[in-house]
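Residue-level listing of the chains:
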Amino acid sequence: MIKSVSWSKQPSLTALAAGTLIATGYLFSGSATAADAADGPPKGAIFDDTKIQQLDDRDAARQRSRSRRAPSHQPRTDTAPAAVPAADGHAPAPAAASHDTPEPINHHVEPVHDDRARPAEFDRSQFGGDPVYDDLAYDPDEQLEIYGGKKAVYRVAPLIEWPEPMYQEGPLGEGWEIIGRKNPVRPQLLVYGDFKSVVAYNDNGNAELAQAVAQLNIDIDLKLTATERIHAFMQPLQDNRSITRTEFGGGDKSLKEDELVFDPKLETLFLEGDLGAIISGLTDEYTTYDLPFAIGVFPTFYQNGIWADDDIGGLAFTIPSLNSPTFDISNMDLIFFYAPERVTTQAVFDNKGQAVEDDVSVYAFTTTIEALSGYIEAGIGYIEDDVDNGNGVDFSYTNVGVSFTKRYRDLLSYSFRFIGNFGQDPGNGIAKTADGELFILETSFVTHLPSTLVPYVNVWYGNGKPRSLIRDNGGILKNVGINFETDALTGFPKLDDTAEDTFGGAAGVMYLFALDQQLIVEVASVQTHGDRAGRAAPGDQYAIGARYQKPLSPAWIIRFDGMFGERENQENISGMRMELRRKF
């Protein structure tokens, strides 16, 4: 609450100047005049913390003396203090005035200063007066517009939001103290997602097909406390690689491939929370640590999806918010995860040569570090082949990934990434499936429209057969450029994304207009090197692609994609697609 204050008398200018100097940390021997204060402290002045501390102690002692007085509602006894008996038979000394306070004793240790601290000389040019708006007419309507000129933002309501809406005004209600009053339970169920309808004509060289596809994505989020929730995800119109669709054209059209799929099984289901908050609730004592965790089938996405991009079944936990002044680390998270189920990799096969996911385990550690004026990601993981092939073949291997992201002045932002695989020995004369290295450099340039106009150039060099630690869809180069990205719906064509004994890049420009639409135009190339025998790309490849998307309303988005690719020693590829998406 703000109270009005009135002064019983005006302080002198000299007193104000002295108070200003004391408040700003300056105190000098000798007298200070108003002129001295106006010109700032004299050059070469030093701080005298001892004197300042003594003044602070004196003020504190006076405050304590006042606080010991009887409350105003109780009667006061205005009895003068007794005289102090004098020594040697002399007359007693007069009593001390009741308002006098003895000089306090300084019990503080000698002030300690950092050796790097130095007094700064006063520079009046660094200070200016308050802004003057005499030349501008005061407009009360404009002043009110700052606060009242707001309007409600239309939101796309979730399919289910119970018992309270996803976004609401005002304070939250009280929860139930089921697991303790320091971690109250306040459940909220949200069901949301999107529906995609896609029409595409794709020519993948060996298959030419026109089709329409439907996909339904549903997220089910049950919030329990401020830190704990149960989350599930489902795609009821598809089953693994089969998806609801119809074919209506193309040289490889086959009516037998029309499908109506309904499979309401859960794709992910996991509990996410913070062990520190749970223990605080159970013990009714605040913990000194946070320990976020997830258990169940949950998504993993690390290093821009190049090192890991998969839904895995297992356990993950994080040691967050560490720092180290010695190593200039402002923030660091340590993340551990283990999964014996739902692990997908393109490096483990059964005895029929089919990729497997049910008999593969992953043990991994990764960290994110803010240091060196940049962002570091580093991880190491071990893929364990649990497939019983009956022939002793073992595709187990170790994978490492390191990324560093930083902005160079106001010119460009860049990310350097390295993926390496080692330690694989299948045996029985079987060729290695994860034995190689990948170097990626991603750059985006800063223009006069830094938020909306972003040119970019991404390049890579792959040696051998580099693999992601875990990956469910697409190849390791999926996020290097739009010409390496398929849609997982219609089989939209793409250049070789394995990086097996290849190098190349993607260069393009993204324009966001007034942040209400997006346009990307890109050219890309794959160049081969080394022995062609075991390489996925038999020759060099080139492509041009474009993407445009725009919201038609807060709930509806339309998107167009197109690409054409020329491939050496293979048939050319091309594709066009239109996607209409409804969020709910």
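Visitor: Sorry if this is basic, but what is going on with a negative patch on the surface here?
Guide: Together, Glu341, Asp358, Asp359, Asp386, Asp388, Asp394 and Asp425 make up a negatively charged patch on the protein surface. Tracing the backbone shows Asp359 in the loop between β11 (329–341) and β12 (360–371). What makes Asp359 partly exposed here is its relative accessible area of 38%.

Visitor: Even after reading the chapter, I still don't get the environment of Phe317, so can you show me in this structure?
Guide: As for its placement among the helices and strands, Phe317 is situated in strand β10 (residues 308–324). For Phe317, a relative accessible area of 31% gives the class partly exposed. For the pair Phe317 and Leu334, spaced 17 residues apart in sequence, the C-alpha to C-alpha distance is 8.5 Å. Sequence-distant contacts of Phe317, that is, excluding residues within four places in its chain, are made with Leu291, Pro292, Phe293, Leu334, Ile335 and Phe336.

Visitor: Whenever I open this one, the nonpolar core confuses me. Can you help?
Guide: Counting 44 residues, the largest nonpolar core has Phe337, Val362, Ile383, Trp460, Ile470 and Leu477 as the members making the most contacts within it. Secondary-structure elements contributing two or more residues to this core are β9 (292–302), β10, β11, β12, β16 (435–445) and β20 (518–528). Excluding residues that lie within four positions of it along the chain, Leu477 makes contacts with Leu438, Ile440, Trp460, Phe484, Asp496, Asp497 and Ala499. Residues Leu216, Ile218, Met234 and Leu237 belong to the second largest nonpolar core, which totals seven residues.

Visitor: Help me understand unusual backbone geometry in this model?
Guide: A negative phi holds for most residues other than glycine; trans holds for most peptide bonds. Residue Pro163 is bonded to the preceding Trp162 through a cis peptide linkage, with omega at 0°. In this fold, Pro163 is placed in the loop between β1 (160–162) and β2 (188–203). Backbone geometry places Asp501, a non-glycine residue, at a positive phi of 50°. Within the secondary structure layout, Asp501 lies in the loop between β18 (470–471) and β19 (502–511). For Asp501, a relative accessible area of 16% corresponds to the buried category. Look at Asn569: it is not a glycine, yet its phi comes out positive at around 65°. Of note, Asn569 is situated in the loop between β22 (556–567) and β23 (573–583).

Visitor: Which parts of the structure should I look at to understand the pairing of β9?
Guide: Residues in a regular strand project their side chains so that they alternate between the two faces of the sheet. Here strand β8 (residues 266–274) pairs with β9 via six bridges, running antiparallel. Along β9, the bridge assignment pairs Asp274 with Pro292. Alignment of β9 against β10, held across ten bridges, turns out to be antiparallel. The residue of β10 that forms the bridge with Tyr302 is Ala308. Between the antiparallel neighbours β9 and β10 lie five residues, among them Gln303 with a positive phi of about 55°.

Visitor: Explain the side chain of Arg577 to me, please; I cannot follow it from the model alone.
Guide: Note on placement: Arg577 falls in strand β23. The exposure class assigned to Arg577 is buried, which follows from its relative accessible area of 4%. In this structure the side chain of Arg577 is engaged in a polar contact, spanning 3.0 Å, whose partner is the side chain of Glu579. Excluding anything up to four places from it in sequence, Arg577 contacts Val198, Val199, Ala200, Asp487, Leu489, Thr490, Phe492, Arg559, Phe560 and Asp561.

Visitor: Would you mind showing me how to read the packing of aromatic side chains here?
Guide: In this description, a pair of aromatic rings is defined by centroid distance and the angle of the planes. In the structure shown here, the tally under the stated rule is eleven aromatic pairs. Pairing Tyr302 with Phe337 gives two aromatic rings, centres 5.7 Å apart and planes at 10°, and the pair type is stacked. Separated by 35 residues along the polypeptide, Tyr302 in strand β9 and Phe337 in strand β11 bring together distant segments of the chain. For Phe337, a relative accessible area of 4% corresponds to the buried category. With 6.1 Å between their ring centres and 75° between their planes, Phe349 and Phe395 make a pair best called edge-to-face. Here the residue Phe349 occupies a position in the loop between β11 and β12, and Phe395 occupies one in the loop between β13 (374–385) and β14 (397–408), the gap between them amounting to 46 residues. For Phe349, a relative accessible area of 22% corresponds to the partly exposed category.

Visitor: Just to check I follow, could you spell out the confidence of the model for the chain for this structure?
Guide: Confidence in the prediction for the chain averages 83 pLDDT; 80% of positions are at 70 or higher. Below pLDDT 50 for its whole length, residues 1–52 participates in 38 contacts with residues either more than four positions away or in separate chains. In this model, residues 64–98 is a region of pLDDT below 50 whose contacts with residues beyond four sequence positions or in other chains number 13 contacts.

Visitor: How do you make sense of the environment of Asp358 when you look at a structure like this?
Guide: Relative to the helices and strands, Asp358 resides in the loop between β11 and β12. As a C-alpha pair, Asp358 and Arg342 span 16 residues in sequence and 5.6 Å in three-dimensional space. When neighbours within four sequence positions are excluded, Asp358 is seen to be in contact with Pro340 and Glu341.

Visitor: Please clarify how the pattern of salt bridges should be interpreted in this entry.
Guide: Note that side chains of opposite charge can pair when their charged atoms are close. The final tally for this structure, using the stated rule, is 23 salt bridges. In this structure, Asp284 and Arg181 form a salt bridge, with 3.1 Å as the shortest nitrogen-oxygen distance. On the criterion of sequence distance, the pair formed by Asp284 in the loop between α5 (275–283) and β9 and Arg181 in the loop between β1 and β2 is long-range, its members being 103 residues apart. Its salt-bridge partner being Arg467, residue Glu500 comes within 3.3 Å of it at the nearest N-O pair. Placement of the pair is Glu500 in the loop between β18 and β19 and Arg467 in the loop between β17 (453–465) and β18, with a sequence separation of 33 residues. Overall, the relative accessible area of 7% leaves Glu500 in the buried class. Overall, the relative accessible area of 12% leaves Arg467 in the buried class. Salt bridges sharing partners connect three or more residues here, namely Glu485, Asp487, Arg547, Arg559, Asp561, Arg577 and Glu579.

Thresholds, definitions, all that
Each chain has its residues counted from 1, running along the sequence as written. Predicted model: local features are reported for residues with pLDDT of at least 70 only, side-chain atom pairs are reported and counted for 80 or more only, and whole-chain, interface and lining totals are derived from all residues. Just so you know, side-chain values use all the structure's heavy atoms and leave hydrogens and water out. Here, patches come from residues exposed beyond 30% relative accessible area and free of salt bridges, joined within 9 Å for like charges and within 5 Å for nonpolar side chains (Val, Leu, Ile, Met, Phe, Trp, Tyr). Only the protein chains shown count as cover for residues, with accessible areas throughout obtained via the Shrake-Rupley method and a probe of 1.4 Å. The salt bridge definition used is simple: a Lys or Arg side-chain nitrogen within 4 Å of an Asp or Glu carboxyl oxygen. When charges are tallied, Lys and Arg are placed among the positive residues and Asp and Glu among the negative ones, while His and the ends of the chain are skipped. Note on charges: their place is set at NZ of Lys, CZ of Arg, CG of Asp or CD of Glu. Under the scheme used here, helices are H or I runs from DSSP no shorter than 4 residues and strands are E runs no shorter than 2 residues, and both carry numbers assigned from the N terminus. Buried, partly exposed and exposed residues are distinguished by accessible area as a fraction of the type maximum, computed with a 1.4 Å probe on protein chains only: under 20%, between the cut-offs, and over 50%, respectively. In this analysis, two residues are considered to be in contact whenever any of their non-hydrogen atoms come within 4.5 Å of each other. We define the nonpolar core as a collection of buried residues of types Ala, Val, Leu, Ile, Met, Phe, Trp, Tyr and Cys that are connected through side-chain atoms lying within 4.5 Å of one another. Should DSSP find at least two bridges between two strands, the strands are taken to pair. Throughout this description, a polar contact denotes any pair of N or O atoms lying within 3.5 Å of each other; where both atoms belong to protein, one of them has to be capable of donating a hydrogen while the other can accept it, and for residues adjacent in sequence the pair is counted only when both atoms sit in side chains. Two rings from Phe, Tyr or Trp (for Trp, the six-membered ring) form a pair when their centres are within 6.5 Å of each other. A pair whose planes differ by under 30 degrees is stacked, one over 60 is edge-to-face, and the rest are tilted. pLDDT is a per-residue confidence score from the predictor, ranging from 0 to 100.

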